[in-house]
Structure formats: structure tokens, C-alpha cells
Amino acid sequence: MKIALLGYGKMGQTIERIALERGHEIVLKKDEFNTYEGLSNADVAIDFSIPAVAVENISSCFYANVPVVSGTTGWLDRYDEMVALCKEKNGAFISSSNFSLGVNLFFGLNEYLAKMMSKFDSYKVEMEEIHHTQKLDAPSGTAISLAKGVIENSDYTNWTLEEAKENQIHIEAIRTENVPGTHTVTYNSTVDTIEIKHTAHNRDGFALGAVIAAEWIVGKHGIFTMKDVLNLK
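Residues numbered from 1 in each chain as written. Predicted model: local features only at pLDDT ≥ 70, side-chain atom pairs only at ≥ 80, totals over all residues. Heavy atoms only, no water.

Participant: Quick question: what am I supposed to make of the pairing of strand S5 (residues 92–95) here?
Facilitator: Taking every second residue as pointing to the same face, both faces of S5 are buried, with Ala92 and Ile94 on one and Phe93 and Ser95 on the other. Inspection of the sheet shows strand S4 (residues 68–70) paired to S5 by three bridges, in the parallel sense. Note on S5: the bridge partner recorded for valine 68 is phenylalanine 93. In this view, the connection linking S4 to its parallel neighbour S5 by way of helix H3 (residues 79–88) has right-handed handedness. (Buried < 20%, exposed > 50% of the residue type's maximum accessible area, 1.4 Å probe, protein only. Helix = DSSP H or I, 4+ residues; strand = E, 2+ residues; numbered from the N terminus. Pairing = 2+ DSSP bridges. Right-handed = clockwise from strand over helix to strand, strands pointing away.)

Below, the structure is given as C-alpha cells:
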């Protein structure tokens, strides 16, 4: 399989290593210093860039008739626009805040726990995410996905980085050196605390999941999620 890498930072380089280990070929390594030359030769593109260029990267894939898997976060205010373009071009698209198998299992656990806890108003939920200092967006896309998972299964209505008001989920975003990603969901009451936590030890889990998603989407058309890829529905 021929892969175009859109974004060639630390994640892009990890994806390259894992893709090569799985027998794939890299036909484009796109960063700020080169063009999209080679994109049309790709079977699939993997976008791990930055919020400022994600929409351009994804759009370019649709116009080149190349399926795209995007793990870039911080641009999702334009997600519906990309979905519409994908449908217009009969493309294939997966956008995920996190491609790690463990995190996607954690998403499911979070939703299940939220359903259980929604019956007990003595507990207040809050979240914490910790990432490396190079991460540009806060809170992380994964934390936002976790918050949405709670909101969709409870009476909470939104999340905030500030002090939480009623029906708000407070997210604490911490940036420190050399942390791939740690996410904690906590339910506190006056008598006890219930907590679930996912800790990434390195970038390999994210990269492997992205490559698996890229392998899965080739030959398909439509808008998909990691639940589709991992058959978790």
C-alpha cells in the first residue's frame, strides 16, 4: 500500500516507521517545506499535521480522490465542511481524536460508566488530561471526545476549562515535558471517588491505530470512525 504522510513531525515519523514495518511504501512526506506532489500516487493519506493546515490537507485528498485518515485536532469547527466535501467528491474519511486501540476501548468504557453514573446525582464528574509541551491545542481532542461521551449519556450539557457551573464538565489541561498522553475521568462525591484512567507510554499505539485505519479504509467510500475500523459498535 502506498501512503502519503501529511505532517512529518514526531507522530509522522513514528507512523512512517510502523508503516514500513508493515510492508507499506511512503510516497509523500508533506511538511511546510514541500508540496503535495506525489499525493495522487497514494492509495491513502494519513494526516497528523497542525490545526492551521489540516483542512487544506484533507481537502487536497478529496480533490485527488485519495482516502484520508486524520488524527489532527484543533480544527473540528470545520468538520462538517469536510464531511460535505467528502460526500461531494465521493471520498473516504476517518477523523479521530485518538487512533489508539486502548483509547478507543477507553472511550467505550467512559460511555458505559456515564450511563451508570447518570442515575446518581451525588457524583460530580471532572476530567484531567496531560500532554507534552509541543501539543498546540488544549484541551486535547481525546479529552473533548471523552466529555462528549459523558454529555451524550447524562444530563451534562457542555465542558469548560474554567470553573464548572451546573451541568458543565471541568477539564484540567496540563502541559509538561515528554508525556505522550494521560486522560483521567473522575466522579467525586462526599463519601468516595470513582476514577478511570488511560496512560499512553509512547506514540506507537497512536501510530499503529492510524496505519490500521488507513489499511481498512482503502477501497471504501463514506464517513467512518474508529468504531467502524475496530468493529466496536
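That was the structure; now back to the text.
Participant: What exactly am I supposed to notice about the packing of helix H4 (residues 101–117) against helix H5 (residues 141–151) here?
Facilitator: When two helices pack together, their arrangement is given by the angle between the helix axes and by the axis-to-axis distance. Look at H4 against H5: their axes get within 8 Å of each other, and the N-to-C directions meet at 30°. With respect to their mutual orientation, H4 and H5 come out roughly parallel. For the pair H4 and H5, the crossing hand works out as right-handed. Of the residues in H5, those in contact with Val103, Phe106, Phe107, Asn110, Glu111 and Ala114 of H4 are Thr142, Ser145, Leu146, Gly149 and Val150. Of the residues contributing to the contact of H4 with H5, the split by class is six nonpolar, four polar and one charged. (Axes fitted to C-alpha atoms, helices over the stretch in contact; angles between N-to-C directions. Parallel < 35°, antiparallel > 145°, perpendicular 65-115°, else oblique. Left-handed = near helix turned anticlockwise from the far one by under 90°. Contact = heavy atoms within 4.5 Å. Nonpolar A, V, L, I, M, F, W, Y, C, P; charged D, E, K, R; others polar.)

Participant: Explain the side chain of serine 95 to me, please; I cannot follow it from the model alone.
Facilitator: Mapped onto the elements, serine 95 comes out in strand S5. Taking the relative accessible area as the measure of exposure, serine 95 reaches 17% and is therefore buried. Leave out the neighbours within four places in its chain, and serine 95 touches Ser70, Trp75, Leu76, Tyr79 and Phe224.

Participant: Explain a negative patch on the surface here, please?
Facilitator: A cluster of acidic side chains, namely Glu126, Glu128, Glu172 and Glu195, defines a negative patch on the protein surface. Assignment of secondary structure puts glutamate 126 in strand S6 (residues 124–131). (Patch = residues over 30% accessible without salt bridge, like charges linked within 9 Å, V, L, I, M, F, W, Y side chains within 5 Å. Areas by Shrake-Rupley, 256 points an atom, 1.4 Å probe, with all protein chains shown as cover. Salt bridge = Lys/Arg side-chain N within 4 Å of Asp/Glu carboxyl O. Lys, Arg positive; Asp, Glu negative; His and termini not counted. Charge placed at Lys NZ, Arg CZ, Asp CG, Glu CD.)

Participant: Would you mind showing me how to read the pairing of strand S1 (residues 2–6) here?
Facilitator: Each regular strand carries side chains that alternate between the two faces of the sheet. Burial analysis of S1 places four of its five residues in the buried class, which makes it a mostly covered element. Bridge analysis of S1 against strand S2 (residues 25–30) gives five bridges, and the strand direction is parallel. Within S2, the position partnered with isoleucine 3 by the bridge is isoleucine 26. In terms of handedness, the path from S1 via helix H1 (residues 10–21) over to S2 forms a crossover that is right-handed.

Participant: Would you explain the sheet that holds S2 in this entry?
Facilitator: The strands that make up a sheet pair up through hydrogen bonds in the backbone, lying either parallel or antiparallel. A sheet is described by the order of its strands in space; here six strands give the open sequence S2-S1-S3-S4-S5-S11, paired in parallel fashion. Two strands lie at the open edges of the sheet, namely S2 and strand S11 (222–224), each paired on one side alone. Across this sheet, the average inter-strand angle for adjacent strands is 20°, counted without regard to direction. Two elements, strand S3 (residues 44–47) and S4, share three bridges in a ladder whose sense is parallel. Residue isoleucine 46 lies in a different strand from S4, and its bridge partner there is valine 69.

Participant: Even after reading the chapter, I still don't get the environment of alanine 164, so can you show me in this structure?
Facilitator: Note on placement: alanine 164 falls in the loop between strand S7 (158–160) and strand S8 (168–175). Sequence spacing of alanine 164 and glutamate 37 is 127 residues, and the spatial spacing of their C-alpha atoms is 47 Å. Those residues within four positions of alanine 164 in sequence are excluded, and the remaining contacts are Ile169 and His170.

Participant: Is there a simple way to explain helix H6 (residues 204–217) in this structure?
Facilitator: For H6, spanning 14 residues, the distance from its first C-alpha to its last is 20 Å, which sits close to the expected 20 Å at 1.5 Å a residue. Listed as buried for H6 are Phe206, Ala207, Gly209, Ala210, Val211, Ala213, Ala214 and Ile217. Close packing links the buried residues of H6 with H1, S3, S4, S5, S11 and helix H7 (226–230). Immediately beyond the C-terminal end of H6, within one or two residues, lies glycine 219, with a positive phi of roughly 90°. (Expected span 1.5 Å × (residues − 1).)

Participant: Sorry, what's going on with the nonpolar core here?
Facilitator: Counting residues in hydrophobic clusters, the biggest one holds 25 residues, and the most contacted among them are Ile15, Ile46, Ile94 and Phe99. At the level of secondary structure, the elements contributing two or more residues to this core comprise S1, H1, S3, S5, H6 and H7. Residue contacts for isoleucine 94: discarding those within four places in its chain leaves Val68, Val69, Ser70, Phe99, Ala213, Trp216, Ile217, Phe224, Thr225 and Val229. Within the second largest apolar cluster, 19 residues are counted, among which are Val103, Phe106, Phe107 and Ala143. (Core = buried A, V, L, I, M, F, W, Y, C linked by side-chain atoms within 4.5 Å.)

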